[in-house]
Amino acid sequence: SASFKGSLGVDGLTVGVGIMEGNNANPLKDDESSLSYGASYNMGKVAVGYQYTENTLGTGLKATATAEEENKQYGVSFAASDAISVGLYQAKAKTLTESVASKTTTSNLLSVGYKLGAAKVSYDYINADNFNQSATNDASVHKVKLMMAF
């Protein structure tokens, strides 16, 4: 395993990369591996980010199919004031298995947060197409969170 996280000398920038290789204890199954990289940039009240992750799951038999996951995430957030923030995010997930057709799950998230002293409340709306990579399974979720700091 190896990883790096840093700013590369640019204020507001954070970049990261990580790799992992693992040997499966079962010699008949694929080894596991993971690659992840991403970057975010904060420009005062606005922040943007991107992350890509690819995992070889190590669940497939070497003689048959190898399963891999691929995830891409994008986001932008805006601090409208010290108390109010808004964010828009998108994630795309796909499981790739040899000889099996895959669907991409696309999730969109709108998040609005309000902070009042030690209390924070946020509302999230999530819309997912092809949820669980099923062409007939779409989902919408409304979530309200109340957090208290002591």
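These lines cover the structure that appears in this document, whether it is placed above or below.

### Notes on the pattern of salt bridges
Piece 1. A complete count under the given rule lists 2 salt bridges for this structure.
Piece 2. Here D124 makes a salt bridge to K143, at a shortest N to O gap of 3.9 Å. Highlighted residues: D124 in strand 8 (residues 119-129) and K143 in strand 9 (residues 139-148), separated in sequence by 19 residues.
Piece 3. Given a relative accessible area of 35%, K143 falls into the partly exposed group.
Piece 4. Here D124 ties to K145 by a salt bridge, and the two come within 3.8 Å at their closest N and O atoms. Pair noted here: D124 is in strand 8 and K145 is in strand 9, with a separation of 21 residues, a long-range link.
Piece 5. Overall, the relative accessible area of 6% leaves D124 in the buried class.

### Focus on the sheet that holds strand 4 (residues 46-56)
Hydrogen bonds between backbone groups are what pair the strands of a sheet, and the pairing can be parallel or antiparallel.
Piece 1. Strand order in the open sheet made by the 9 strands is 1-2-3-4-5-6-7-8-9, with antiparallel pairing throughout. Of all the strands in the sheet, just strand 1 (2-6) and strand 9 have a single pairing partner and so form its edges. Strand-to-strand twist across the sheet, computed as the mean angle between neighbouring axes with direction ignored, equals 10 degrees.
Piece 2. Bridge count between strand 6 (residues 84-97) and strand 7 (residues 105-116): 10 bridges; the pairing is antiparallel. Residue pairing for strand 7: Y89 is matched across the bridge by L109.

### Observations concerning the packing of aromatic side chains
Piece 1. The full count for this structure, using the stated rule, is 2 aromatic pairs.
Piece 2. On the basis of an interplanar angle of 50 degrees and a centroid distance of 5.2 Å, the ring pair of Y50 and Y74 is categorised as tilted. Of this pair, Y50 sits in strand 4 while Y74 sits in strand 5 (residues 67-79), and the two are 24 residues apart along the sequence.
Piece 3. Exposure remark for Y50: the relative accessible area of 30% places this residue in the partly exposed category.

### Some words on the pairing of strand 6
Piece 1. Judged from the 13 bridges that link them, strand 5 and strand 6 form a sheet pairing that is antiparallel. What sits directly across from G75, in strand 6, is Y89.
Piece 2. Hairpin connection, strand 5 to strand 6: the antiparallel pair is bridged by 4 residues.

Conventions used here
Residues numbered from 1 in each chain as written. Predicted model: local features only at pLDDT ≥ 70, side-chain atom pairs only at ≥ 80, totals over all residues. Heavy atoms only, no water. Salt bridge = Lys/Arg side-chain N within 4 Å of Asp/Glu carboxyl O. Helix = DSSP H or I, 4+ residues; strand = E, 2+ residues; numbered from the N terminus. Buried < 20%, exposed > 50% of the residue type's maximum accessible area, 1.4 Å probe, protein only. Pairing = 2+ DSSP bridges. Axes fitted to C-alpha atoms, helices over the stretch in contact; angles between N-to-C directions. Phe/Tyr/Trp six-rings, centres within 6.5 Å; stacked < 30°, edge-to-face > 60°.

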